[in-house]
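A closer look at the structure
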There are 2 protein chains.
Amino acid sequence: MPLRSGTSREERFEERRTQLAQAALATLSELGFARTSLREIAQHSDFTHGVLHYYFTDKVDLISECVRVYHQLVLARFDEGLETYQDLDTMVAGVAETLQRTITEETAQHRLWYDLRSHSMFNEEIREDVREIERTLEGFAWRVVLRYAELTGTEPVLDSLSNYRMFDGIFYAALLDHMAGDPEATDRLVTQAGWLMDRICPQR
Amino acid sequence: MPLRSGTSREERFEERRTQLAQAALATLSELGFARTSLREIAQHSDFTHGVLHYYFTDKVDLISECVRVYHQLVLARFDEGLETYQDLDTMVAGVAETLQRTITEETAQHRLWYDLRSHSMFNEEIREDVREIERTLEGFAWRVVLRYAELTGTEPVLDSLSNYRMFDGIFYAALLDHMAGDPEATDRLVTQAGWLMDRICPQR
DNA sequence: GGGCATGCTTGTCATGCGTCAAGGGTAAGG
DNA sequence: CCTTACCCTTGACGCATGACAAGCATGCCC
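Residues numbered from 1 in each chain as written. Chains lettered and ligands numbered in written order. Predicted model: local features only at pLDDT ≥ 70, side-chain atom pairs only at ≥ 80, totals over all residues. Heavy atoms only, no water.

1. Observations concerning the packing of helix α7 (residues 127-152) of chain B against helix α8 (residues 160-179) of chain B
Residue and element names in this part refer to chain B.
- Remark: α7 packs on α8, axes separated minimally by 9 Å, with the N-to-C direction vectors making an angle of 95 degrees. In terms of their interaxial angle, α7 and α8 are classed as roughly perpendicular. Contacts between α7 and α8 involve Glu-134, Leu-137, Glu-138, Ala-141, Trp-142 and Val-145 from the first element and Ser-160, Leu-161, Asn-163, Tyr-164, Arg-165 and Phe-167 from the second.
- Here the contact of α7 with α8 is composed, by residue class, of seven nonpolar, two polar and three charged. (Axes fitted to C-alpha atoms, helices over the stretch in contact; angles between N-to-C directions. Helix = DSSP H or I, 4+ residues; strand = E, 2+ residues; numbered from the N terminus. Parallel < 35°, antiparallel > 145°, perpendicular 65-115°, else oblique. Contact = heavy atoms within 4.5 Å. Nonpolar A, V, L, I, M, F, W, Y, C, P; charged D, E, K, R; others polar.)

2. Observations regarding the pattern of salt bridges
- Tallied over the entire structure, the rule returns 33 salt bridges over all chains.
- Put simply, Glu134(A) and Arg165(A) hold a salt bridge, and the shortest N to O gap is 3.5 Å. One end of the pair, Glu134(A), is in helix α7 (residues 127-152); the other, Arg165(A), is in helix α8 (residues 160-179), and 31 residues separate them in sequence.
- Glu134(A) sits in the buried class, given a relative accessible area of 7%.
- Of the charged contacts, one joins Asp61(B) and Arg17(B) as a salt bridge, the two residues approaching to 3.2 Å between their closest N and O atoms. Here Asp61(B), found in helix α4 (residues 59-78), pairs with Arg17(B), found in helix α1 (residues 9-31); they are 44 residues apart in sequence, far enough to count as distant. You'll find Asp61(B) and Arg17(B) in the same group, each marked buried.
- Through salt bridges that share partners, Arg117(A), Arg131(A), Glu134(A), Arg165(A), Asp168(A), Asp177(B), Asp182(B) and Arg188(B) make up one connected network. (Salt bridge = Lys/Arg side-chain N within 4 Å of Asp/Glu carboxyl O. Buried < 20%, exposed > 50% of the residue type's maximum accessible area, 1.4 Å probe, protein only.)

3. Remarks on the protein's contact with DNA strand C
- Taken together, the neighbourhood of DNA strand C is formed by 21 residues, with Arg12(A), Arg16(A), Tyr55(A), Arg39(B) and Lys59(B) sitting nearest.
- Considering DNA strand C, the proportion of its atoms within 4 Å of the protein that are sugar or phosphate atoms stands at 72%.
- Separating a base oxygen of DNA strand C from a side-chain N or O atom of Arg39(A) is a distance of 3.3 Å.
- Note that a base oxygen of DNA strand C is positioned 2.9 Å from one of the side-chain N or O atoms of His49(A).
- Of all the elements in the fold, those that place two or more residues in the surface near DNA strand C are α1 (9-31) and α3 (51-55) of chain A together with α2 (38-43) of chain B.
- When the residues that make up the surface near DNA strand C are grouped by side-chain class, the tally is seven nonpolar, six polar and eight charged. (Near = heavy atom within 4 Å. Polar contact = N/O pair within 3.5 Å; in protein donor to acceptor, adjacent residues only side chain to side chain.)

4. Some thoughts on the domain arrangement of chain A
Residues and elements named next belong to chain A.
- Split by domain assignment, chain A resolves into domain 1 (1-67) and domain 2 (78-204).
- In this structure, domain 1 and domain 2 have C-alpha centres spaced 30 Å apart.
- In this assembly, domain 1 packs against domain 2 so that about 930 Å² is buried in total across both faces, 72% of it on carbon and sulfur atoms.
- The three residues of domain 1 that bury the most area against domain 2 are Ser-29, Phe-33 and Val-67, which together make up 62% of that side's buried surface.
- Where domain 1 packs against domain 2, one counts zero salt bridges. (Domains from an automatic or database assignment. Buried area = accessible area lost by both parts, 1.4 Å probe.)

5. Some remarks on the relation of the copies chain B and chain A
- Overlaying chain B with chain A gives an RMSD of 0.1 Å, the required rotation being 179 degrees about an axis along which the chain moves by 0.0 Å. Interpreted geometrically, this transformation is the action of a two-fold axis. Nearest to the rotation axis, the C-alpha of Gly169(B) is located 1.8 Å from it, this being the minimum over chain B.
- When the interface residues of chain B are mapped onto chain A, 100% of them are again interface residues, pointing to one common binding face. (Least-squares fit on C-alpha atoms with pLDDT ≥ 70 in both.)

6. Quick look at the interface of chain B and chain A
- Of the residues lining the interface, 38 residues belong to chain B; the matching set on chain A comes to 38 residues.
- For the pair chain B and chain A, the summed buried area comes to about 3500 Å², and 64% of that belongs to carbon and sulfur atoms.
- It is Met121(B), Phe122(B) and Trp195(B) that lose the most area in chain B upon contact with chain A, and together they represent 22% of the buried surface on that side.
- The tally of links between chain B and chain A comes to four salt bridges.
- At the junction of chain B and chain A, the tally comes to 17 residue pairs in polar contact (both at pLDDT 80 or more).
- For the side of chain B that touches chain A, the elements supplying multiple residues, two or more each, are α1, α6 (107-119), α7, α8 and α9 (185-200) of chain B.
- Of the residues forming the side of chain B that touches chain A, the biggest block, eleven residues, is contributed by α8(B).

Here it is as C-alpha cells:
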C-alpha cells in the first residue's frame, strides 16, 4: 500500500504529484511547451501515460503543478548566500560568475521559464502562478541591489519592480543570444548588469 | 485567369502568399502560436485549408512568411516621424503617448511578437528571422535615443544593443502587466522609460 | 489467508492535426 | 466554342493527442 510507511494517503499522493511534475519539468525544458505531450512526459519518467490522469485531473492541472514545483526550485536556488559577500570586489566577481554560470549551465531551465511566461499571455489559468514567481524573482533582484547599496554605501534610486524588469530584460536577452550561439552573450550581460547597477546605486 | 491584369504569374503568387500570411498573422495574434492550426487560419480567411498547401510547401514555410510580413509591418509602423519632434517637451510627450497607445491598442501584435521570439528558442528555423526583426527594433530604439540626445545636447553613454535590450525589457514587462489587467502598467512604463533615458543620456 | 482499497498499466476512443491527391470552376487564348 | 492553364475546394490519409475505462498487481487489515 504505502510506498513509505508512516505517511498518510494524502501525503503520498502529493509526493507522487510532485515527482511526476518534476519529470514533466525535465521534458518541458528539453522540448518546450508546444511539443510536450503527456505521453512524452511519461516516457521520460518511470511510469506510463495513464498514471498522469490518476494524479492530475487534466493537462492544465499538471502544468499548474509544474509551475508550482518550478517555483520551489527557484526559491531553493536563490537562497544561497548573498550575505557571504563581505566586500564589493567579492560581490561583483561573485555575481558576475553566477550570471555566467547560470546562463551557460542552466540554459534549459531559464528557457523553460520564459517559455512558460509567454504561454501565460494566452493561457489565463497559469497567469497567477507566473506572477507569483515573478514576485519571487523581483524580491531576489531587490535583495541583490540592497546588498550592493550596502557595500557601496549608497541608496537605490529605482523602485523594486522597475529594477527587476530591467535586469530581467538584459538577462532574457543574454539567454537568447547565448542560445543563438553568441559567445559574447554572457560577457555582455555582465557589462550591462554593472552599468545598470551603477545607475541604480549611484555614487554621490 | 489573373486576379488583376498587368501582373505576372509570379507577382500574383507572391501577392496571395502575402495575403494568406496576413490572415495567418491575425489568427496567430488572437490564439497564440500553440493553438493555431492551418484549418484555423483558413477559417479566419476567405479560403479553405487546402489552399495553404498550394502557396506554402509546409507549415514552417507559412510561419516564416508570416514573420517576414510581420517584419514589414514593424518597419512601416516605426517609419513615422521622429524628426517631427522639434523640442524636448514635444518629444517626451509624444513618445509617452505612443508607448501608452501601442500597449493598449496594439496589444495582440506585441503579444504575437514575444510569442514568436519565445518559439525561436525551440524552433531553429525561425531564429534568424527573429534576429533580423530584433536588429530592426534595435535600430529604431537607437534612433529614438539619438534624437533625445540631440534635443538635450548630450551623448548616449550606452551602446545600441544594450540600449535596446533594456527598453525591450521594460516594454515586455509592461505588456504582460497590461494584459494581466494592471491599469498602471503603461504609466509605469513611461516612468521607467524616462528614468532609463536620463541615465543613457546624462546631463553634464 | 481472503477481502479490499490503492496504485499503476493497458488498450481504446474521439478529435484534430499536417499533408496530399483528385477534381471542379473559371477565364484567357486559339 | 473548345481547349488549356490556373486557382481553389473537397475529401481522405495516417498519425498523435488528451481523455478515460477496465483490469491487474500489490500489500495491508481483519
